[in-house]
Amino acid sequence: MSDFHGIIFAYGSVKQLGELVNSRTAASLPFCGRYRLIDFALSSMMNAGILDVGVIMQRDYQSLLDHIGSGKDWDMGRRIGGLRLLPPFGLPEYHKGDYTGTIEALNAVSTYVREAHAKYIVLLQGNTAANIDLKAVIRQHLDTGAEITAICTEQTPDYRHHRYVADADGFARSMIFNQTGDGDGVASLEGYIISKELLIGMMDACAASNHYHFHRDAIADYLAAGGKVGVYVHRGYAKRIMSLETYFKSSMDALKPECRAELFPAERPVRTKSREDVSTYYGEKAFVRNSLVADGCIIEGEVTNSIVFSDVRIAKGAKLNNCIVMRGSEIGENVILSAVIADKYSTVAPYQTLVGSQKLPIVIPKNSNI
Amino acid sequence: MKKSCIAMLLAGGQGSRLYALTQNVAKPNMPFGGKYRIIDFPLSNCANSGIDTVGVLTQYRPLQLNSYIAGGQPWDLDSNDGGVFILPPYQSAGEKGSWFSGTANAIYQNIGFIEMYDPDDVLILSGDHIYKMDYSKMLREHHERDAACTIAVLQVSLEDASRFGMMNLRQDGYVEQFEEKPKHPKSDLASMGIYIFNWKKLRKYLVEDENDPASSKDFGKNIIPKMLEAGEKLWPYRFDGYWRDVGTITSLWDANMDMLSTTLINLYDPEWPIRSRPVVRPPQYVGENAEIVHSIVTEGCVIEGHVENSVLSNSAQVGKDASVLYSVLMPGAVVEDGAVVEYAIIGENTVIKSGAHVGSAPDGSEEWGVATCGPDIEISAGAVVGAGAMIYKSEEV
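Conventions used here
- Residues numbered from 1 in each chain as written.
- Chains lettered and ligands numbered in written order.
- Predicted model: local features only at pLDDT ≥ 70, side-chain atom pairs only at ≥ 80, totals over all residues.
- Heavy atoms only, no water.
- Helix = DSSP H or I, 4+ residues; strand = E, 2+ residues; numbered from the N terminus.
- Rg over C-alpha atoms; globule rule 2.2 N^0.38 Å.
- Buried < 20%, exposed > 50% of the residue type's maximum accessible area, 1.4 Å probe, protein only.
- Contact = heavy atoms within 4.5 Å.
- Areas by Shrake-Rupley, 256 points an atom, 1.4 Å probe, with all protein chains shown as cover.
- Lys, Arg positive; Asp, Glu negative; His and termini not counted.
- Charge placed at Lys NZ, Arg CZ, Asp CG, Glu CD.
- Axes fitted to C-alpha atoms, helices over the stretch in contact; angles between N-to-C directions.
- Parallel < 35°, antiparallel > 145°, perpendicular 65-115°, else oblique.
- Left-handed = near helix turned anticlockwise from the far one by under 90°.
- 1 Å grid on protein atoms, 1.4 Å probe; cavity = no way out; pocket = protein on both sides within 12 Å on 5 of 7 lines; lining within 4 Å.
- Points joined across faces, edges and corners; volume = space filled by probe spheres on them.
- Domains from an automatic or database assignment.
- Nonpolar A, V, L, I, M, F, W, Y, C, P; charged D, E, K, R; others polar.
- Polar contact = N/O pair within 3.5 Å; in protein donor to acceptor, adjacent residues only side chain to side chain.
- Buried area = accessible area lost by both parts, 1.4 Å probe.
- Salt bridge = Lys/Arg side-chain N within 4 Å of Asp/Glu carboxyl O.
- Pairing = 2+ DSSP bridges.

Q: How do you make sense of the overall build of chain A when you look at a structure like this?
A: What chain A contains, in helices and strands, is 9 helices and 28 strands. For 370 residues, the compact-globule estimate of 2.2 N^0.38 gives 21 Å, and the C-alpha radius of gyration of chain A, at 21 Å, lies within 12% of that figure. With the C-alpha coordinates of chain A rotated into their principal frame, the extents come out at 65 × 45 × 40 Å. For chain A, buried positions account for 60% of its 370 residues. Taking the intrachain contacts of chain A between residues at least 6 apart in sequence as the baseline, contacts between residues at least 24 apart amount to 58%. Total accessible area on chain A is roughly 14,400 Å²; 49% of this is exposed by carbon and sulfur atoms. The average position of the 39 basic charges and that of the 41 acidic charges among the side chains of chain A differ by 3 Å.

Q: Looking at this model, I keep getting lost on the packing of helix α6 (residues 196–208) of chain A against helix α7 (residues 214–224) of chain A. Mind explaining?
A: The angle between the axes and the distance between the axes are what describe a pair of packed helices. Residues and elements named next belong to chain A. Across the interface, α6 lies against α7 with an axial gap of 11 Å and an inter-helix angle of 120°. In terms of axis orientation, α6 runs oblique to α7. Where α6 crosses over α7, the two elements pack in a sense that is right-handed. Facing L198, L199, M202 and C206 of α6, the residues of α7 in contact are F214, D217, A218, I219 and Y222.

Q: What is the right way to read empty space enclosed by the protein from this model?
A: Where empty space is left can be seen by rolling a probe of water-molecule size over the atoms. All names here are of chain A. Under the counting rule described, the total for this entry stands at 5 cavities of 30 Å³ or more. Approximately 280 Å³ is the volume found for the largest cavity. If you go around the largest cavity, you meet 21 residues; those closest to its centre are G33, R34, R275, S310 and R327. Both domain 1 (4–263) and domain 2 (281–364) contribute no fewer than three residues apiece to the lining of the largest cavity. Taken as a whole, the second largest cavity holds about 90 Å³ of empty space. Around the second largest cavity, the lining residues are F40, A41, S44, L124, Q125, T128, A130, I132, I151, L189 and G191. Listing elements by their share of the lining of the second largest cavity, those giving two or more residues are α1 (38–47), β6 (120–125) and β11 (186–195). With 3 residues, the single largest contributor to the lining of the second largest cavity is α1. Of the residues that constitute the lining of the second largest cavity, the class distribution is 7 nonpolar, 4 polar and no charged.

Q: What should I look at first to understand the side chain of H234 of chain A in this one?
A: Residues and elements named next belong to chain A. If you trace the backbone, H234 turns up in strand β12 (residues 229–234). A distance of 3.3 Å separates a polar atom in the side chain of H234 from the backbone oxygen of Y237. Once you skip the residues sitting within four places of it in the chain, H234 turns out to touch A130, N131, I132, I151, C152, T153 and L189.

Q: What is the right way to read the domain arrangement of chain A from this model?
A: The accessible area lost on association of the parts is a frequent measure of interface size. Residue and element names in this part refer to chain A. Here the domain parsing of chain A yields domain 1 (4–263) and domain 2 (281–364). Each of domain 1 and domain 2 was reduced to a C-alpha centroid, and the two centroids are 33 Å apart. Taken residue by residue, the interface counts 19 residues in domain 1 and 22 residues in domain 2. Of the roughly 1,700 Å² buried between domain 1 and domain 2 on both sides combined, carbon and sulfur atoms contribute 70%. When the buried surface of domain 1 facing domain 2 is broken down by residue, G33, F248 and L255 rank first, second and third, together holding 36% of it. Between the two partners, domain 1 and domain 2, sit 2 salt bridges. Of the charged contacts, one joins E245 and K359 as a salt bridge, the two residues approaching to 3.1 Å between their closest N and O atoms. At the surface where domain 1 touches domain 2, the tally comes to 2 residue pairs in polar contact (both at pLDDT 80 or more). Sorting the residues of the side of domain 1 that touches domain 2 by element identifies β2 (30–31), β3 (35–36) and α8 (244–253) as the ones contributing at least two each. At 6 residues, α8 tops the list of elements feeding residues into the side of domain 1 that touches domain 2. Considered class by class, the residues forming the side of domain 1 that touches domain 2 number 11 nonpolar, 2 polar and 6 charged.

Q: It is not clear to me how the pattern of salt bridges should be interpreted in this structure. Could you clarify?
A: Pairing of side chains with opposite charge becomes possible as their charged atoms draw close. For the coordinates displayed, the defined rule picks out 34 salt bridges over all chains. Between R114 of chain A and D204 of chain A there is a salt bridge whose closest N-O contact spans 2.7 Å. Taken together, the residues span a long stretch of sequence, with R114 of chain A in helix α4 (residues 110–115) and D204 of chain A in helix α6 at a distance of 90 residues. The class for D204 of chain A is partly exposed, based on a relative accessible area of 37%. The closest approach of N and O atoms between K319 of chain A and E302 of chain A, which form a salt bridge, is 3.9 Å. Separated by 17 residues along the polypeptide, K319 of chain A in strand β21 (residues 319–321) and E302 of chain A in strand β18 (residues 302–304) bring together distant segments of the chain. Its relative accessible area of 40% is what places K319 of chain A among the partly exposed residues. Here the residues in one salt-bridge network are R34 and D295 of chain A together with K35 and E299 of chain B, joined through shared partners.

Q: Honestly, the layout of surface pockets in this entry has me stumped. Any pointers?
A: Residues and elements named next belong to chain B. What the largest pocket holds in volume is close to 1,600 Å³. R17, S126, D128, H129 and D245 are, among the 49 residues lining the largest pocket, the residues nearest its centre. At the level of secondary structure, the elements contributing two or more residues to the lining of the largest pocket comprise α4 (103–108), β8 (149–155), β10 (175–180), β11 (189–198), α9 (219–229), β13 (243–245) and α10 (249–258). Among the residues making up the lining of the largest pocket, the classes are represented as 16 nonpolar, 21 polar and 12 charged.

Q: Can you help me understand the interface of chain B and chain A in this one?
A: Of the residues lining the interface, 33 residues belong to chain B; the matching set on chain A comes to 34 residues. Counting each side, the surface lost to burial between chain B and chain A is near 2,800 Å², with a carbon and sulfur contribution of 51%. Counting the surface chain B buries against chain A, the share from its top three residues, Y268, V280 and P283 of chain B, is 25%. Put simply, chain B and chain A have 2 salt bridges between them. The salt bridge partner of E299 of chain B is R34 of chain A, with a shortest N-O separation of 2.4 Å. Between chain B and chain A we count 22 residue pairs in polar contact (both at pLDDT 80 or more) in total. Where the side of chain B that touches chain A is concerned, the elements lending two or more residues are β14 (284–286), β15 (291–293) and β16 (295–297) of chain B. The residue makeup of the side of chain B that touches chain A, split by class, is 18 nonpolar, 10 polar and 5 charged. The pairing of strand β16 (residues 291–293) of chain A with β14 of chain B spans 3 bridges and is antiparallel.

Next up, the structure:
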């Protein structure tokens, strides 16, 4: 039995993602041509040999269930242990809305956490585009003797976030809550390694006092009481997808070779649900520049600075620039699209023009005909 | 567990005419058509036709093929009662054991495997054909015609007939005679090397053939003629779809080029998917100055140069100002900046260093041919590999 047990938070629907999360959670958002955001967390666990993993979900999780299945694509379809999908059960009576915080989400599946056969729990957020080397985090956690290790980034998030300010010894001195923009210390990616005993103590204490903020309540109290919180800085690309604008921007970041190298290093491959696809065919008049294209597409038109998911059809004369076209979509002849996100299986009839902006891309909802 | 029909897939051939490409791997494991390995075609056909038990007979360099097929999960052949089984030659108590000495002998040596499933019929397949075929239709005809053996046949031109085993038919449509590579063909129906046999009958002929010291233990040369001689009913099942044998460099190259035309073989048809073991690489990246025309490209590729009329398997790379024309790049092949690859097949993980030139366009001469570079080699910077060359060691250039 491994000393480490993984838990991925995939319940957040993140309203700022608008129509993209009409029928999915942020963690199951299609990303980078063939992945879902949660693939990064699942693959990080897999690449560190953590194959006992629970995924906490709350609603709109059909697409997540479909994507993860038995977990076999991440070697987590095991006879013993392996992947466990954790939809809500045993919610407190007063609870009607979304999980208010990490602690509440954990308490909603508290039996599962209590029964985990592991000394340490590894927590990751399902909506993070980052290839985190959990082996390195584990090594640091064990070497420093920290009770909690917080996974952080030096990159400045474009949403409200918490920050850790560390002393020279690598342990956190203080925390800054709800920061917008740059600040002291490093930004929390809200991923942690924590001993199971300590985590359960925090869950119980918070439940007893009706507290549910992992950072402001549990960790801050622990730190104030002299607890040892280590800070691990993840050096590669890291973005939590919290808004349509970040989603669009992060998607486009993947066109840069240095970002791709950080998101998809050869030594830590990102696995995803495997599909029966064909290679992509580029037609006689195809013109494709600076774009990521998944398999199974037939491209006859022009595609520049765009992300094209699998099984997409782009007809002759169509011109796409700065677009994200998701699986199974069909773009008709002579269509012109700029800064448009076409969700799965959407169809754009010939001779139409849609122009969005980088700040506010136009979203064509899933399954729609335009 | 009783099965009505199981498949036996002959995947032991060496593919000696593809030498540079098959020195370390069995031909059925050869990357093909961007996304596939050759064996994906018969395995997918089995899965799509509802045949859930497949024995794969291996002999030559089977290691990579074994790990590729593994539990058969990509083809949904990982069922509880049935599945895909790798069958190497083996030794029985008190016997010395021997290699498979012919296609019929390979099946003879696995009579024990077949009898575990007690099938009514056995489908014999070859691991080096590219085609989409519904074996259940062939099986239906086999039963309707009450045949001891049904042979899939393809109409070919009379010029091509001398390369195939040809079927001459009786008035009532059953097979009268089988002629191996006839000089003066009497019919235009070529055997595709795909057979359905009534198992009880096949078993009898296999045992008889095994005891015939003069026999070369081959289905086409021995078993079929013996059945005809004995007056068995052999029915030709006419197939009119796309079918290619990829036994030579030219035919392998041709068939890859055919994948560029959906009118020849439509791989995008969701009704008949050809499945392969997924490799899961990031999507292909097409660079700022890339140009890709009339080509198929696969996940993990990074294209910065010019690609035209070509087939690129996963993770191939084409550098800046490099050209890949009328060529096949197998998985992980790298064409560095400024290199030119034309009318060529480049093996897995082979690197064409910058400024090298591999292959050339047809010049109408007899000697012209497709250039081939085997897997895991390096063609040094500025080197020239001529048309028709077959390179399998880095030192050769």
